[in-house]
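Topology and contacts: notes
Residues per chain are reported as follows:
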Amino acid sequence: MRPVRLMKVFVTRRIPPDGWAALARAADCEVEHWDSDEPIPAKELERGVAGAHGLLCLLTDRVDKRLLDAAGSNLRVISTMSVGLDHLALEEIKKRSLLRSGIRVGYTPDVLTDTTAELAMSLLLTTCRRLPEAMEEVKNGGWSAWKPLWMCGYGLTQSTVGIIGLGRIGQAIARRLKPFGIQRFLYTGRQPRPQEAAEFQAEFVSTPRLAAESDFIIVACSLTPATKGLCNKDFFQQMKSTAVFVNISRGEVVNQDDLYEALTSGQIAAAGLDVTTPEPLPTDHPLLTLKNCVILPHIGSATYGTRNTMSLLAANNLLAGLRGEPMPRELKL
Ligand code: NDP
Ligand code: DGY
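The rules behind each value
Residues numbered from 1 in each chain as written. Chains lettered and ligands numbered in written order. Predicted model: local features only at pLDDT ≥ 70, side-chain atom pairs only at ≥ 80, totals over all residues. Heavy atoms only, no water. Helix = DSSP H or I, 4+ residues; strand = E, 2+ residues; numbered from the N terminus. Buried < 20%, exposed > 50% of the residue type's maximum accessible area, 1.4 Å probe, protein only. Near = heavy atom within 4 Å. Polar contact = N/O pair within 3.5 Å; in protein donor to acceptor, adjacent residues only side chain to side chain. Areas by Shrake-Rupley, 256 points an atom, 1.4 Å probe, with all protein chains shown as cover. Nonpolar A, V, L, I, M, F, W, Y, C, P; charged D, E, K, R; others polar. Contact = heavy atoms within 4.5 Å. Axes fitted to C-alpha atoms, helices over the stretch in contact; angles between N-to-C directions. Parallel < 35°, antiparallel > 145°, perpendicular 65-115°, else oblique. Core = buried A, V, L, I, M, F, W, Y, C linked by side-chain atoms within 4.5 Å. Phe/Tyr/Trp six-rings, centres within 6.5 Å; stacked < 30°, edge-to-face > 60°.

Attention shifts here to unusual backbone geometry. In this structure, the amide linkage connecting Thr 277 to the following residue, Pro 278, adopts the cis form with an omega of -10°. Of note, the bond from Glu 279 into Pro 280 is cis; its omega dihedral lies within 30 degrees of zero at -5°. Notably, Gln 158 is not glycine yet its phi reads approximately 70°, a positive angle. Residue placement: Gln 158 occurs in the loop between helix H6 (131-140) and strand E6 (160-164). With a phi angle near 45°, Gln 201 is a residue other than glycine that sits in the positive phi range. Tracing the sequence through the fold places Gln 201 in the loop between helix H8 (194-198) and strand E8 (203-204). Taking relative accessible area as the criterion, Gln 201 reaches 73% and is therefore assigned exposed.

Right, dumping it as structure tokens:
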């Protein structure tokens with residue numbers, strides 16, 4: 001009998017059960033993993049990936065030139081358990097793909113869209129109706145009586161909502177917002193998406209116009225060189241003083257110093273952030289001192305079901321890629 005050559009797979013974290021089970025069943029792979037719920041240190045990652053044919057990584061792992069060098073020439077598949085790709089040096093991966101047989105990249109779109117849109121809705125309502133502040137007042141004795149203007153916020157009915165990035169998640173958010181009686185949807189992107197926008201009668205506008213006319217702004221774009229720092233001083237200055245800003249995409253789309261200034265000077269009413277720079281946000285960060293800023297620890301896709309499905313898709317992408325089969329969700333490089 002010929003000895004079977006096993007493909008080496010490195011997994012950068014403990015992953016939810018379905019993905020793990022799929023990898024464990026793969027008789028053609030030898031799977032090693034970082035046996036922790038915490039991110040793998042860079043040195044350990046470089047050691048673990050050396051010689052690997054497949055890498056299953058998370059959004060906390062930077063897959064850059066240095067890591068690709070550490071992996072070496074065996075590497076054929078990178079499968080990330082995320083839809084966001086900003087932690088992958090795609091240009092570098094592409095370059096190497098041209099030099100040899102090709103590195104394939106898998107990711108996990110769609111399976112987290114609804115869960116993330118649900119979280120965006122929760123964050124928007126929590127922020128615009130000031131829920132954390134109100135709950136705190138109940139506990140600290142600040143609730144003295146029902147008062148006409150006490151704890152008032154801003155309502156969604158009859159409002160204008162601006163969505164930066166009407167992609168999968170942006171559309172899922174708009175779909176959930178529609179029954180709240182939104183009067184008008186605006187959106188931005190690299191180009192108009194008339195087919196998708198028709199469902200919401202959403203109007204494609206410039207970023208300054210979206211900033212100026214929206215009562216609620218939701219950032220749902222991917223992080224790219226073009227969107228990095230997009231929400232900056234100019235952007236916040238264009239917003240209404242009664243407007244509420246929500247970001248569920250990536251922290252780096254927002255200039256946090258400019259956001260702090262906008263929130264403290266009354267340029268905008270409030271902000272809700274599921275993502276920050278850095279992550280975790282240091283506990284002494286100035287934004288955490290503000291009552292009109294609600295910050296969550298990047299939990300957009302955090303349901304047991306969704307994370308399990310993401311892990312299974314990431315594992316199936318990896319295995320299919322290694323076996324030269326069509327990957328369930330392969331990124332076109
Ligand atoms: P899509 O690829 O479907 O959507 C990305 C959107 O970004 C598109 O609408 C695209 O618009 C827009 N975009 C790209 N470039 C620009 C630009 N220069 N200006 C404005 N918009 C731009 O991805 P998903 O909807 O599935 O996910 C979006 C992002 O959400 C992910 O990349 C990830 O970073 C983040 N995310 C966060 C989660 C969380 O836990 N908080 C969970 C899941 C995702 P167009 O193509 O029309 O230009
Ligand atoms: C992603 O997949 O990009 C999210 O940020 C994690 O849920």
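Turning our attention to the site of ligand 1. Residues in close proximity to ligand 1 total 26 residues, the closest being Gly 167, Ile 169, Arg 190, Arg 193 and Asp 274. In the environment of ligand 1, an oxygen atom lies 2.9 Å from a nitrogen or oxygen atom belonging to the backbone of Ile 169. A distance of 2.9 Å is found between a nitrogen atom of ligand 1 and a backbone nitrogen or oxygen belonging to Ile 248. When ligand 1 sits alone it has 930 Å² of accessible area, and the protein chains cover 91% of it. Its residues assigned to classes, the shell around ligand 1 comprises nine nonpolar, 12 polar and five charged.

By secondary structure assignment, the location of Thr 160 is in strand E6. Thr 160 sits in the buried class, given a relative accessible area of 6%. Dropping the residues within four chain positions of it, Thr 160 is found in contact with Arg 184, Leu 186, Glu 213, Ser 214, Asp 215 and Phe 216.

A separate point is the packing of helix H1 (residues 17-25) against helix H12 (residues 304-322). Interhelical geometry of H1 versus H12 gives an angle of 25° and a closest axis separation of 6 Å. Taken together, the axes of H1 and H12 are roughly parallel relative to one another. The segment H1 lies against H12, with Pro 17, Asp 18, Gly 19, Ala 22 and Leu 23 engaging Asn 308, Ser 311, Leu 312, Ala 315, Asn 316, Leu 318 and Leu 319. Partitioned by chemical class, the residues of the contact of H1 with H12 number seven nonpolar, four polar and one charged.

With that settled, consider the nonpolar core. Within the largest apolar cluster, 51 residues are counted, with the highest numbers of intra-cluster contacts made by Ile 173, Leu 177 and Phe 185. Ranked by the residues each element gives to this core, the list is headed by H12, at seven residues. Excluding residues within four positions of it along the chain, Ile 173 makes contact with Ala 117, Ala 120, Met 121, Ile 218, Ala 220 and Ile 248. Of all hydrophobic cores here, the second largest spans 26 residues; its members include Ile 164, Phe 236, Met 239 and Ile 268.

With that settled, the discussion passes to the packing of aromatic side chains. Both the distance between ring centres and the angle between the ring planes are used here to describe each pair of aromatic rings. By the definition in use, this model includes five aromatic pairs. Taking 6.2 Å as the distance between ring centres and 75° as the angle between the ring planes, the aromatic pair formed by Phe 235 and Phe 245 counts as edge-to-face. Pair noted here: Phe 235 is in helix H10 (residues 233-238) and Phe 245 is in strand E10 (residues 244-247), with a separation of 10 residues, a long-range link. On the accessibility criterion, Phe 245 (0% relative accessible area) is buried. Cluster of aromatic residues (ring-pair linked, three or more members): Phe 235, Phe 236 and Phe 245.

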